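Residue-level listing of the chains:
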Protein chains: 2
Amino acid sequence: MPKIAASEKDAFYEQRRAELADVALRLWAEKGFDGTSVAAIADAAGISKGTFYLYFASKQALLEDVLRRYTLLPSVQAMVESVADHSLEEAVHTFVRHAWRHLNQHRDLVLLTLRELPSHIEQAQEALQHVLVPTNKLIAQYLEDRLGPERAREISMVIAGRGLVGMILMIFVSQEILGAKRFLPVSDDDIAATIAQVFLHGVVGGAQ
Amino acid sequence: MPKIAASEKDAFYEQRRAELADVALRLWAEKGFDGTSVAAIADAAGISKGTFYLYFASKQALLEDVLRRYTLLPSVQAMVESVADHSLEEAVHTFVRHAWRHLNQHRDLVLLTLRELPSHIEQAQEALQHVLVPTNKLIAQYLEDRLGPERAREISMVIAGRGLVGMILMIFVSQEILGAKRFLPVSDDDIAATIAQVFLHGVVGGAQ
DNA sequence: TGAAAATGACCGACTGGTCGGTCATGCCTG
DNA sequence: CAGGCATGACCGACCAGTCGGTCATTTTCA
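Keep in mind it's a predicted model, so treat the numbers as computed, not measured.

S.K.: With reference to specific residues and values, describe the interface of chain B and chain A.
M.R.: In this complex, chain B contributes 43 residues to the contact, which on the side of chain A involves 42 residues. Around 3,800 Å² of area is buried between chain B and chain A when both sides are counted, 71% of it from carbon and sulfur atoms. Taken together, chain B and chain A are joined by 0 salt bridges. Between chain B and chain A we count 2 residue pairs in polar contact (both at pLDDT 80 or more) in total. Broken down by secondary-structure element, the contributors of at least two residues to the side of chain B that touches chain A are α1 (2–31), α7 (107–116), α8 (122–151), α9 (157–177) and α10 (188–204) of chain B. For the side of chain B that touches chain A, the class distribution of residues is 22 nonpolar, 15 polar and 6 charged.

S.K.: Describe the side chain of Ser174(B), with residues and values.
M.R.: Its place among the elements puts Ser174(B) in helix α9. Beyond its immediate stretch of four places on either side in the chain, Ser174(B) contacts Arg162(A), Gly179(B), Ala180(B) and Lys181(B).

S.K.: Just give me the short version of the nonpolar core, but keep the residues and values in it.
M.R.: Counting 85 residues, the largest nonpolar core has Val96(A), Ile168(A), Val96(B) and Ile168(B) as the members making the most contacts within it. If we ignore the near neighbours within four places in the chain, the residues touching Ile168(A) are Phe95(A), Val96(A), Ala99(A), Trp100(A), Leu103(A) and Ile195(A). Counting 26 residues, the second largest nonpolar core, distinct from the first, contains Trp28(B), Ile47(B), Leu62(B) and Leu63(B).

S.K.: Outline the domain arrangement of chain A, listing residues and values.
M.R.: Residues and elements named next belong to chain A. One can read the domain layout of chain A as domain 1 (6–59) and domain 2 (71–201). With both sides pooled, the region where domain 1 packs onto domain 2 buries about 640 Å², and carbon together with sulfur makes up 66% of that total. Sorting the residues of domain 1 by area buried against domain 2 places Leu25, Ala29 and Phe33 first, and these three jointly supply 62% of that buried surface. For the side of domain 1 that touches domain 2, the class distribution of residues is 4 nonpolar, 1 polar and 4 charged.

S.K.: Which residues make up the protein's contact with DNA strand C, and what values go with them?
M.R.: Of all residues adjacent to DNA strand C, which total 17 residues, the nearest are Thr51(A), Tyr55(A), Lys49(B), Tyr53(B) and Lys59(B). The share of sugar and phosphate among atoms of DNA strand C within 4 Å of the protein is 56%. Between DNA strand C and Tyr55(A) there is a distance of 2.8 Å, counted from a phosphate oxygen to a side-chain nitrogen or oxygen. In this structure, a phosphate oxygen belonging to DNA strand C sits 3.0 Å away from a main-chain N or O atom of Val38(B). Of all the secondary structure elements, the ones that give two or more residues to the surface near DNA strand C are α1 (2–31) and α3 (49–55) of chain A together with α3 (49–55) of chain B. Taken together, the residues of the surface near DNA strand C sort by class into 6 nonpolar, 7 polar and 4 charged.

S.K.: Report on the relation of the copies chain B and chain A, specifying residues and quantitative values.
M.R.: When chain B is fitted onto chain A, the two copies agree to an RMSD of 0.1 Å after a turn of 180 degrees and an axial shift of 0.0 Å. When the rotation and shift are considered jointly, the pair of chain copies conforms to a two-fold rotation axis. Nearest to the rotation axis, the C-alpha of Gly202(B) is located 1.9 Å from it, this being the minimum over chain B.

S.K.: Tell me about the packing of helix α9 (residues 157–177) of chain A against α9(B), and please be specific about residues and values.
M.R.: Put simply, α9(A) and α9(B) touch, their axes get as near as 6 Å, and they point 120 degrees apart. What the angle tells us is that α9(A) and α9(B) run oblique. For α9(A) against α9(B), the interelement crossing comes out right-handed. Contacts between α9(A) and α9(B) involve Ile159(A), Arg162(A), Gly163(A), Val165(A), Gly166(A), Met167(A), Leu169(A), Met170(A), Ile171(A), Ser174(A) and Gln175(A) on the former and, on the latter, Ile159(B), Arg162(B), Gly163(B), Val165(B), Gly166(B), Met167(B), Leu169(B), Met170(B), Ile171(B), Ser174(B) and Gln175(B). Among the residues forming the contact of α9(A) with α9(B), the class breakdown is 12 nonpolar, 8 polar and 2 charged.

S.K.: Can you explain the pattern of salt bridges? Please cite residues and give values.
M.R.: Where charged atoms from two side chains of opposite charge come close, those side chains can pair. All names here are of chain B. Counted according to the given criterion, the structure contains 10 salt bridges over all chains. One salt bridge in this structure joins arginine 26 and aspartate 22, with 3.7 Å as the shortest N-O distance. Within this pair, arginine 26 and its partner aspartate 22 are both found in helix α1, separated by 4 residues, close to a single helical turn. Accessibility expressed as a relative area gives 40% for arginine 26, which makes it partly exposed. Across the pair aspartate 65 and arginine 69 runs a salt bridge whose closest N-O atoms are separated by 2.9 Å.

The rules behind the values
- Residues numbered from 1 in each chain as written.
- Chains lettered and ligands numbered in written order.
- Predicted model: local features only at pLDDT ≥ 70, side-chain atom pairs only at ≥ 80, totals over all residues.
- Heavy atoms only, no water.
- Contact = heavy atoms within 4.5 Å.
- Buried area = accessible area lost by both parts, 1.4 Å probe.
- Salt bridge = Lys/Arg side-chain N within 4 Å of Asp/Glu carboxyl O.
- Polar contact = N/O pair within 3.5 Å; in protein donor to acceptor, adjacent residues only side chain to side chain.
- Helix = DSSP H or I, 4+ residues; strand = E, 2+ residues; numbered from the N terminus.
- Nonpolar A, V, L, I, M, F, W, Y, C, P; charged D, E, K, R; others polar.
- Core = buried A, V, L, I, M, F, W, Y, C linked by side-chain atoms within 4.5 Å.
- Buried < 20%, exposed > 50% of the residue type's maximum accessible area, 1.4 Å probe, protein only.
- Domains from an automatic or database assignment.
- Near = heavy atom within 4 Å.
- Least-squares fit on C-alpha atoms with pLDDT ≥ 70 in both.
- Axes fitted to C-alpha atoms, helices over the stretch in contact; angles between N-to-C directions.
- Parallel < 35°, antiparallel > 145°, perpendicular 65-115°, else oblique.
- Left-handed = near helix turned anticlockwise from the far one by under 90°.

Right, here's the structure in full:
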């Protein structure tokens, strides 16, 4: 039974860590890393500050765990891979629509990452690089494979890929974070379609 | 002679404030608002913390002064107006090239604004809205005027405009802040041309 | 009852902000 | 011209409060 007890304990331990990470992400997205004290996180999780330090060695360690736990990379990879057998037009539309939904689902993480982006907290920057750089590589590779040299305009697919992500991100930030939604209520699908359309015509060319 | 003395003093006072604002912007871009103490700012400006408070009532007041002092809006407006009599193609190219140079010149302000974007420091968010929203309005208006309903694709020019700014911003952040420049060294003009090309073909359509 | 878990008082470092005191400067007066 | 006097820019020790992190103590529970 010691084994069972131990694994039960481990399960509880892991569950606590997960809950703390969850609470921390929510609070950090609201008030920032520096703006949220460990006491506040512990409080929101219903434990004391002392107990917090039984589960994480430091505030920094919690940040690292949050970023590891919630990295967007796997889902981004899955997203890119899932469109591999669509037509290019379909693929881009699907990608944009999924990315949009993704951003909405992971709003807190996006906020946290944006906020700590140029920060002295290197982990956030690394996390960003771990997501953005590989995503970019995947997209560029995909585009080059699909287009072939003659169909693509003579532009860098790496730059174009970044542009696509930039469009999505900026429009997301405008609509969902800066509150532009109130002034210009457009359905998510329409937005995604617009982005995909601009990108497709811009990059692929000719095909009107 | 008291008048001259007074104006000399005022000039010195204003110069001090300007220097403090300059130093603060630089440090804040590096370490963030919360991450930079008033003492550090005063130190970097070669004065004591006590003296700092002769020139600004609070740290918050300094932030407000920095954002007012360095607002990008006038230059953005000038930028949009300066391309008013070009052809659309030329206008977009020029706009992108200018915007790119602009971001480089105001790197610190861009960093600070991005960093404090979703922050509890409302001023940064306001500043962003004061730049982004009017910029967006100008661009959308310009595009609609130039294109006319039949030439534009059936997409929102507001969304498209945000997409353009998003492309520029994201590629800037990738190249200049995340350090992607090292991996993909492309000239500024090439990048600007690529962005303009994608946008033009994407939005304007047909014209290959 | 004994060990594991949880607590919150406590610590030292640091924050934004204050304030009494110093001293170079330049005017006033003789 | 000289010397005393007033000015105010400047300093940095200091304040109250908050932070991340520790640890002796109490609570819990098998």
